[in-house]
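The lines below spell out each chain.
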Amino acid sequence: MSMRLFVSRDAGAIAVGADEVAIALQQAAAKRGVAIEIVRTGSRGLYWLEPLVEIATPQGRIAFGPVTEADVPSLLDALASNTPHLLRLGATDEIPWLKRQTRLTFARCGVIDPRSLDDYRAHGGYKGLERALSLGSDAILNEVTASGLRGRGGAGFPTGIKWKTVAQAKADRKFIVCNADEGDSGTFADRMIMEGDPFLVIEGMTIAGITVGATKGYIYTRSEYPHAVEAMKAAIVAARRGGYLGSKIGGSTYDFDLEVRVGAGAYVCGEETSLLESLEGRRGIVRAKPPLPAHHGLFGKPTAINNILSLAAIPFILAEGAKAYAEYGMGRSRGTMPIQLAGNLRYGGLFETAFGVTLGELVDDIGGGTFTGRPVRAVQVGGPLGAYFPRALFDTPFDYEAFTARDGLIGHGGIVVFDDSVDMRKQARFAMEFCAIESCGKCTPCRIGSTRGVETIEKIIRGERVSENLALVEDLCNTMKFGSLCALGGFTPYPVLSALRHFREDFVPAPTTLQAAE
Amino acid sequence: MTTVYEPSHETSHEPWDETRGAEIIAEHSKQEGATLVVLHALQEAFGYVPEAAIPMVAQALNLSRAEVHGVVTFYHDFRHKPAGRHVLKLCRAEACQAAGGDALAARAEAKLGVPLGNTTADDRVTLEPIYCLGLCATAPSAMLDGRLVGRLDEKRLDALVAEAQR
Ligand SMILES: Cc1cc2nc3c(=O)[nH]c(=O)nc-3n(C[C@H](O)[C@H](O)[C@H](O)COP(=O)(O)O)c2cc1C
Ligand code: SF4
Ligand code: FES
């Protein structure tokens, strides 16, 4: 009988050598005359263990990692003779980091072959669509609303309400747009789900199409994600062949088809109206709202535009029922959030869990502190527009409202950890610089303000009239906050002001040194 | 069965040719909102978006030249001239900064003798910043001619630079 091995084809795994390990396994096995089958899966998200190699056993999968090319011969020996190996991690499902999670959206990611429709179905795929087809639009809307699902792209807007607006709009054509632009630093969940479970995205979008009456969907993703683009395109072809896309999907009366579109390196194109402009073939300039995309979206037609993880949560909600989803979470943040742990962290990766876990638990306990071994000093949550949190705020629970109450945001769920060598003046300057580079240019506070912000923070760094310039930065931030059309200009003040507020000592020389200088 | 992703190494491009350009434009311009699709296809073939292609794209898509030019200049991806033989991209976003990316970027600039965003005098290497490759859990990250590299450190960076200079 041949040995069945699993090696990830996720870009994050490939970046640390998964392809080389897969090739080495194949070659070494051939040389020894051992029959093996390698399934290229997505990643489980335990990136410090990548490249992870798993073997199927009657008792479930056993994991080994991180495996290098050099480990391959000894690993094959151990596998063939069923003897211990230094890299053996035991049963994959029992690895504590994985076991602690509640994987609703990422349940299949890292488990199945993302190229195989059969594998997807064998692991419960398309159950949500089946039930959706039997329910019809109104009942689906009730389920989605009752689940409490809020937009996972950052704004946290209830998905049920958005869909209802589009469903009620009258038009000859409607669209579903999947926002897979994921430009935030520290986030990679969208990429992982496209690479590891692309049929889930297709199923979620198909259900959305049925619900609102759209016959065409677009997945807009980034050019920085070529592996994800390839995986999505392959899955779309397979789904079409299987009768799950195209006309009369799943044997029903509904038609729905999908297309992947690739951006061209503009962060602002993650903003929904800018994304629509880009999809239509124009510069990604943000549109004023109203009209809402739900009424006047892609090509002027009613459009439901959702983050990919909002759409990927849908099949579970339909298959298992709204209540099963809403049981998880706290307050108005229901269900689970795929949290992404990144930066200077010992255990970086994807951790899906119910809302309510505290920031401190995520960083110290789950993330294991820094890999440099130095103390954690600052944590940026929610991408480049998110606030920097000091240790003093580590009791903040992961919940939309709790983060807002502390002048932060959870955004797309990215957490970036910095150790005590961080210079917060540099981070504040970078936030302004990023805004200047990525501004769509439509409004003055964002376009000009960010450049002035960079200049003023540079003066502070040089020690020029520090308190005066600090006041100027704060004033500028207020102008940007209230005078910008979208959250790029409007939220850049979050990282800047949080750095000023919580890490003041980096900006103002300590009083003792001042006195010493006088 | 195993399919192994073949990392693409040196990228080769065709020299600009009007007939070939027209073919590519015709092939992609039928989709709705095709501008980016067409520009990506042109850049994939020629390594950049040639100035001469802009009026052709405009005509095919029923847009003004200014509109097409506006799109080309808005997006960071589109090149106005060919890149060096190899393109080394270093992630400059926050997760990579937190993991020591700033020092590595400075090291790459010093080794290649050009600041980020430039091509070496011998046209061998274009060094570019990129804002997040989605590999933030194994930061710092780089991309050499489409091949991804995580857990970058001085040693791995030096090897990448040497490979690009070959
Ligand atoms: C500058 C900027 C960038 C954004 N980037 C993204 C992104 O990459 N992905 C995303 O889903 N939403 C992004 N958003 C939020 C979207 O505008 C929008 O709220 C979201 O796609 C709605 O989907 P949801 O309700 O499912 O979250 C961004 C917003 C702004 C202002
Ligand atoms: S805030 Fe910035 S990115 Fe947003 S619309 Fe205004 S100029 Fe464009
Ligand atoms: S911040 Fe560098 S890969 Fe994400």
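Quick caveat: nothing in here was measured; it's all calculated off a predicted structure.

**Structural notes on the site of ligand 2**
In the vicinity of ligand 2 lie 13 residues, with Cys440, Lys442, Cys443, Cys446 and Cys486 of chain A positioned nearest. Per-class residue counts for the shell around ligand 2 are eight nonpolar, four polar and one charged.

**Quick look at the packing of helix H6 (residues 101-112) of chain B against helix H7 (residues 154-165) of chain B**
Residues and elements named next belong to chain B. Taken N-terminus to C-terminus, the directions of H6 and H7 make an angle of 35°; their axes are 10 Å apart at the nearest point. Remark: the crossing between H6 and H7 carries right-handed chirality. Touching Leu104, Arg107, Ala108, Lys111 and Leu112 of H6 are Glu154, Leu157, Asp158, Val161 and Gln165, all from H7. Per-class residue counts for the contact of H6 with H7 are five nonpolar, one polar and four charged.

**Re the packing of aromatic side chains**
Residue and element names in this part refer to chain A. Summed over the entire model, instances satisfying the criterion amount to 22 aromatic pairs over all chains. With 6.1 Å between their ring centres and 45° between their planes, Phe175 and Tyr218 make a pair best called tilted. Here Tyr218 lies in strand E7 (residues 216-221) and Phe175 lies in strand E6 (residues 175-180), a separation of 43 residues in the sequence. By the burial criterion, Phe175 is buried, and Tyr218 matches it. Summarising the aromatic geometry, the rings of Phe175 and Phe299 are spaced 5.8 Å apart at their centres and angled 65° between planes, so their arrangement reads as edge-to-face. Residue Phe175 is located in strand E6, and its partner Phe299 is located in the loop between helix H12 (272-279) and strand E9 (303-307); the two are separated by 124 residues in the primary sequence. Note on Phe299: relative accessible area 22%, which makes it partly exposed. By the ring-pair criterion, three or more aromatic residues cluster together here, those being Trp48, Trp97, Tyr347 and Phe351. Sitting above the plane of the Phe6 ring, Arg61 keeps its charged end 3.5 Å from the centroid. Sitting over the face of the ring of Tyr225, Arg222 holds its NZ or CZ atom 4.9 Å from the ring centroid.

**Considering the sheet that holds strand E2 (residues 118-119) of chain B**
Residue and element names in this part refer to chain B. Spatial ordering of the open sheet is given by E2-E3-E1-E4-E5, a layout of five strands whose pairing is mixed. Of all strands in the sheet, those bounded by a partner on one side alone are E2 and strand E5 (147-149). The pairing of strand E1 (residues 86-91) with strand E3 (residues 125-130) spans six bridges and is parallel. Looking at E3, one finds that Lys89 is bridged to Glu128.

**Some thoughts on the confidence of the model for chain B**
All names here are of chain B. Mean pLDDT over chain B works out to 93, with 93% of the residues at or above the 70 mark. Low pLDDT, under 50, characterises residues 1-9; the predicted model gives this stretch 26 contacts beyond four residues in sequence or across chains. What the predictor reports for the complex is a pTM of 0.96 with an ipTM of 0.95.

**Looking at helix H9 (residues 189-196) of chain A**
For H9 of chain A, a buried count of eight out of eight residues is recorded, marking the element as mostly surrounded by other parts of the structure. Turning to H9 of chain A, its buried residues number three or more, namely Ala189, Asp190, Arg191, Met192, Ile193, Met194, Glu195 and Gly196 of chain A.

**Some points on the site of ligand 1**
Residue and element names in this part refer to chain A. Close to ligand 1 lie 19 residues, the nearest being Gly153, Lys162, Asn179, Asn307 and Ser310. At 2.9 Å from an oxygen atom of ligand 1 is found a side-chain nitrogen or oxygen belonging to Asn179. Contact distances for ligand 1 include 2.9 Å between an oxygen atom and a backbone N or O atom of Glu272. Coverage of ligand 1 by the protein chains reaches 91% of its 610 Å² of free accessible surface. Of all the secondary structure elements, the ones that give two or more residues to the shell around ligand 1 are E9 and helix H20 (487-491). For the shell around ligand 1, the element with the most residues is E9, which contributes three residues. Split by residue class, the shell around ligand 1 holds five nonpolar, eight polar and six charged.

**Regarding the nonpolar core**
Membership of the largest hydrophobic core comes to 153 residues, with the highest contact counts inside it found for Trp163, Ile202, Met205 and Ile219 of chain A together with Leu42 and Tyr75 of chain B. With nine residues, helix H10 (residues 198-212) of chain A is the single largest residue contributor to this core. Aside from chain neighbours lying at most four places away, what touches Tyr75 of chain B is Ala264, Ala266, Cys269, Ser278, Arg282, Arg283 and Gly284 of chain A together with Leu36 of chain B. Phe351, Leu362, Val381 and Leu409 of chain A belong to the second-largest nonpolar core, a separate cluster that totals 33 residues.

**Side note on the sheet that holds strand E14 (residues 376-381) of chain A**
Residue and element names in this part refer to chain A. Taken together, the five strands give an open sheet; going across it, the order is E13-E12-E16-E14-E15, and neighbouring strands pair in mixed fashion. Edge positions in the sheet fall to strand E13 (349-354) and strand E15 (388-390), since each has one partner strand and no second. Sheet twist, expressed as the mean angle between neighbouring strand axes with direction ignored, is 30°.

**Comments concerning the confidence of the model for chain A**
With 98% of its residues at a pLDDT of 70 or more, chain A shows a mean pLDDT of 96. Counting contacts from residues 514-518 of chain A, a segment whose pLDDT is below 50, to residues more than four positions away or on other chains yields one contact.

**Some thoughts on unusual backbone geometry**
Residues and elements named next belong to chain A. Following Gly65, the chain continues into Pro66 via a peptide bond in cis, with omega recorded as -10°. Take Pro66: it is sitting in the loop between strand E4 (60-64) and helix H3 (72-81). The phi angle at Glu182 is positive, at roughly 30°, despite the residue not being glycine. In this structure, Glu182 sits in the loop between E6 and H9. For Glu182, a relative accessible area of 6% translates into the label buried.

**Notes on the interface of chain A and chain B**
At the junction of the two partners, chain A supplies 72 residues and chain B supplies 45 residues. Contact between chain A and chain B buries roughly 4300 Å² in total, counting both sides, with carbon and sulfur atoms accounting for 55%. Interface area lost by chain A to chain B is led by Ala264, Arg283 and Phe430 of chain A, which between them contribute 13%. Summed over the shared surface of chain A and chain B, the number is two salt bridges. Between Asp102 of chain B and Lys426 of chain A there is a salt bridge, with the nearest N and O atoms lying 3.0 Å from each other. Along the contact surface separating chain A from chain B lie 27 residue pairs in polar contact (both at pLDDT 80 or more). Per element, the largest residue contribution to the side of chain A that touches chain B is six residues, and it comes from helix H17 (residues 424-438) of chain A. The residue inventory of the side of chain A that touches chain B, partitioned by class, reads 35 nonpolar, 19 polar and 18 charged.

About the cut-offs
- Residues numbered from 1 in each chain as written.
- Chains lettered and ligands numbered in written order.
- Predicted model: local features only at pLDDT ≥ 70, side-chain atom pairs only at ≥ 80, totals over all residues.
- Heavy atoms only, no water.
- Near = heavy atom within 4 Å.
- Nonpolar A, V, L, I, M, F, W, Y, C, P; charged D, E, K, R; others polar.
- Axes fitted to C-alpha atoms, helices over the stretch in contact; angles between N-to-C directions.
- Helix = DSSP H or I, 4+ residues; strand = E, 2+ residues; numbered from the N terminus.
- Left-handed = near helix turned anticlockwise from the far one by under 90°.
- Contact = heavy atoms within 4.5 Å.
- Phe/Tyr/Trp six-rings, centres within 6.5 Å; stacked < 30°, edge-to-face > 60°.
- Buried < 20%, exposed > 50% of the residue type's maximum accessible area, 1.4 Å probe, protein only.
- Lys NZ or Arg CZ within 6 Å of the ring centre and 35° of its normal.
- Pairing = 2+ DSSP bridges.
- pLDDT = per-residue confidence, 0-100.
- Polar contact = N/O pair within 3.5 Å; in protein donor to acceptor, adjacent residues only side chain to side chain.
- Areas by Shrake-Rupley, 256 points an atom, 1.4 Å probe, with all protein chains shown as cover.
- Core = buried A, V, L, I, M, F, W, Y, C linked by side-chain atoms within 4.5 Å.
- Buried area = accessible area lost by both parts, 1.4 Å probe.
- Salt bridge = Lys/Arg side-chain N within 4 Å of Asp/Glu carboxyl O.

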